[in-house]
Structures are given as C-alpha cells and as structure tokens.
Amino acid sequence: MTKKRFPIGTVIMTLISVVYLSPLFIVLINSFKLKTTISATPFVFPNADSFCGFDNYIRGMTYGDYPFWKSALFSLVITVLSTAVILLFTSMTAWFISRVDNLACKVIYYLCVFSMIVPFQMVMYTLSKTADTLHLSNPLGIVIVYLGFGAGLAVFMFCGFVKSIPLEIEEAANIDGCGPLRTFFGIVLPIMKPALAVQAIFTFVGSWNNYFVPALILQTKSKMTVPILIATLRGADYMNFDMGKVYMMITVAIVPIILVYLLLSKYIIAGVTLGGVKE
C-alpha cells in the first residue's frame, strides 16, 4: 500500500491563484458598497451599514451625459469587429506566406515578427498624426489600426500552426477541383480552430482593455470606450469621485473577458502547442 503524499504543489498553486484573483474579488465586493464606506473599509465584506444592493449598478448604467451602457456597447462593437478582421486577414496571410516560399513572403513574415518588439511609445505620436491624415479617427478607422498592431503576433502564431497541417490535405483538395479560397475556407480554416480561439482571446482582451489607442485616435467625448470613460470619471472631480460606480463599471467590464475565456479556454493548450511545433 503506497503512502499518499501531501499535495504541496496543489496548495502552493491554490495560494498563488488566490493572490491573483484577490483584486477581482475586492472590486466585486466594493461594487455593492456605499461610496462613503469604500475608502474606509475596502477589504471588508459589505454589512448593514455599507451594503447598497444594486444601486451602484442602476445609477452607473445611466450616469452622466455619456452613460456606461453606451460606452460598453461602443467598446463591444469595436472589439468584435477588430477581432473578426484580425482573425480573417492574418490567418489568410499566414497561410499564404507559409505555403509560398519566396523572398517577398519571407520579408513579410520577418516584418510581422519585428513589429512585435517595437514598443508602442515609439509610434504613438506618429500613429496619431497618420490616423488624422488618413481620416482614421473614427470607429471603423480604429479597427484598421488594431489590425496593424495585432497582425504581427497573429501572423507569427498562425504560421507556426499552418506548418503543422499536412500539405497532402490541401493537395487532395486541389485535385478534387478546389480553388485557393475554397481550400482555405473549407479545409484549412476549420483545422485552424484551436489557433483561432487562442488568438481570439488575445485580440479580444487587448482591444477591450486598450486605453492609449482610442485616447490618441478618437479624441472625442461623444465616442468613449470603457477604459476612457472610467479614466474620465476618475479625473473629472476628485472631491466628488464616486468609487461605487467606478467599481461597478470595472466589474461589468470584466464579465465579457471572462465569458470569452471560458468559451474558448479549452482550445488554449492545443492551439499554443500545435502553433509552436514548426518554424
């Protein structure tokens, strides 16, 4: 009879998980408190004196000239469009440059890789000027900007995944009369589902939480994403700052990210593993 060992690894990982999840938990409990009690007891559960129910959520959704629901909807549209555009165009690009072995494709690939190491601070002022010159200072224009920023990582990941797909499958489809587009959308794209799911999570989280790009490009109070709205409320009036509504906004803003992650998390390991098989 073997003696069971104490699961010290499980205990350590549980403690680490608690540390990482504690900020989310603190935000959640404070979203149900009165704003006058949050600063005094930020780490304490709501009690009879501090609990306000869903009052912060009700008031926060319609607060101010630009309510939170409008900002959340605006952010969601931009994020969904950016994610869809990046997944479509970068997967097609990666498939092409992985199957066509010439100098132009190699240059495109290494340019995408190089773009991953360029800090945002190096291009932020040029980006603002270029977006204004090309009339990209609008919701559709910011989708194009996100495509440029997200193309490097997406092409790099998709290229590794495409190289793990047997070429014989595409050759068989070509013999059966499939053209390039039909081969890609009917055969290659379904096989790339794990990599698409992983990249969708990265892109969705990055676009939803992005503050600097919308702040630089949109430059208008009539179209504010969730991070910009929260930052605006934080600096609008410090003396009358309502922490309850801000915690409510942060809590609601976290929900879409958690839902997307839960829906696509089963593909993460498979996508990352298969995407790194070949170079």
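Quick notes on the rules
- Residues numbered from 1 in each chain as written.
- Predicted model: local features only at pLDDT ≥ 70, side-chain atom pairs only at ≥ 80, totals over all residues.
- Heavy atoms only, no water.
- Disulfide = S-S within 2.5 Å.
- Helix = DSSP H or I, 4+ residues; strand = E, 2+ residues; numbered from the N terminus.
- Buried < 20%, exposed > 50% of the residue type's maximum accessible area, 1.4 Å probe, protein only.
- Patch = residues over 30% accessible without salt bridge, like charges linked within 9 Å, V, L, I, M, F, W, Y side chains within 5 Å.
- Areas by Shrake-Rupley, 256 points an atom, 1.4 Å probe, with all protein chains shown as cover.
- Salt bridge = Lys/Arg side-chain N within 4 Å of Asp/Glu carboxyl O.
- Polar contact = N/O pair within 3.5 Å; in protein donor to acceptor, adjacent residues only side chain to side chain.
- Contact = heavy atoms within 4.5 Å.
- Expected span 1.5 Å × (residues − 1).
- Axes fitted to C-alpha atoms, helices over the stretch in contact; angles between N-to-C directions.
- Parallel < 35°, antiparallel > 145°, perpendicular 65-115°, else oblique.
- Left-handed = near helix turned anticlockwise from the far one by under 90°.
- Nonpolar A, V, L, I, M, F, W, Y, C, P; charged D, E, K, R; others polar.
- Core = buried A, V, L, I, M, F, W, Y, C linked by side-chain atoms within 4.5 Å.

## Structural notes on the state of the cysteines
Counting across every chain of the model gives zero disulfides. Lacking any disulfide linkage, cysteine 112 is separated from the closest cysteine sulfur, that of cysteine 159, by 7.5 Å.

## What about unusual backbone geometry?
Located in the positive-phi region is histidine 135, a residue other than glycine, with phi close to 60 degrees. Inspection of the secondary structure puts histidine 135 in the loop between helix 6 (120-133) and helix 7 (139-162). A relative accessible area of 65% means that histidine 135 is categorised as exposed.

## With respect to a nonpolar patch on the surface
Together, Ile8, Val11, Ile12, Met13, Leu15, Ile16 and Tyr20 give the surface a local cluster of nonpolar side chains, amounting to about 700 Å² of exposed area. By the element assignment, methionine 13 lies in helix 1 (residues 8-30).

## A look at the side chain of serine 98
Along the polypeptide, serine 98 turns up in helix 4 (residues 68-99). A polar contact is formed between the side chain of serine 98 and the backbone oxygen of alanine 94, at a distance of 2.7 Å. Filtering out sequence-adjacent residues up to four positions away, serine 98 remains in contact with Cys159, Val162 and Lys163.

## Some words on helix 10 (residues 193-209)
Here helix 10 spans 24 Å end to end across 17 residues, near enough to the 24 Å set by a 1.5 Å rise per residue. Within helix 10, twelve of the 17 residues are buried, leaving the element largely enclosed by the surrounding structure. What helix 10 keeps buried is the set Pro194, Ala195, Leu196, Ala197, Val198, Gln199, Ala200, Ile201, Thr203, Phe204, Ser207 and Trp208.

## Thoughts on the packing of helix 4 against helix 7
Helix-helix packing is characterised by the crossing angle of the two axes and by the distance between the axes. Remark: helix 4 packs on helix 7, axes separated minimally by 6 Å, with the N-to-C direction vectors making an angle of 40 degrees. What the angle tells us is that helix 4 and helix 7 run oblique. Both helix 4 and helix 7 take part in a crossing whose hand is right-handed. By residue class, the composition of the contact of helix 4 with helix 7 is 22 nonpolar, six polar and one charged.

## A closer look at the nonpolar core
With 35 residues, the main nonpolar core has Phe68, Ile142, Val213, Ile217, Val226, Leu229 and Met249 as its most contacted residues. Secondary structure elements with two or more residues in this core: helix 4, helix 6, helix 7, helix 10, helix 11 (212-217), helix 12 (226-236) and helix 13 (243-264). The contacts of isoleucine 217, once residues within four sequence positions are left out, are Leu127, Ala131, Leu136, Ser137, Ile142 and Val145. Of all hydrophobic cores here, the second largest spans 21 residues; its members include Trp95, Ile97, Phe158 and Ile165.

These results come straight from atomic positions and should not be treated as a statement about function.
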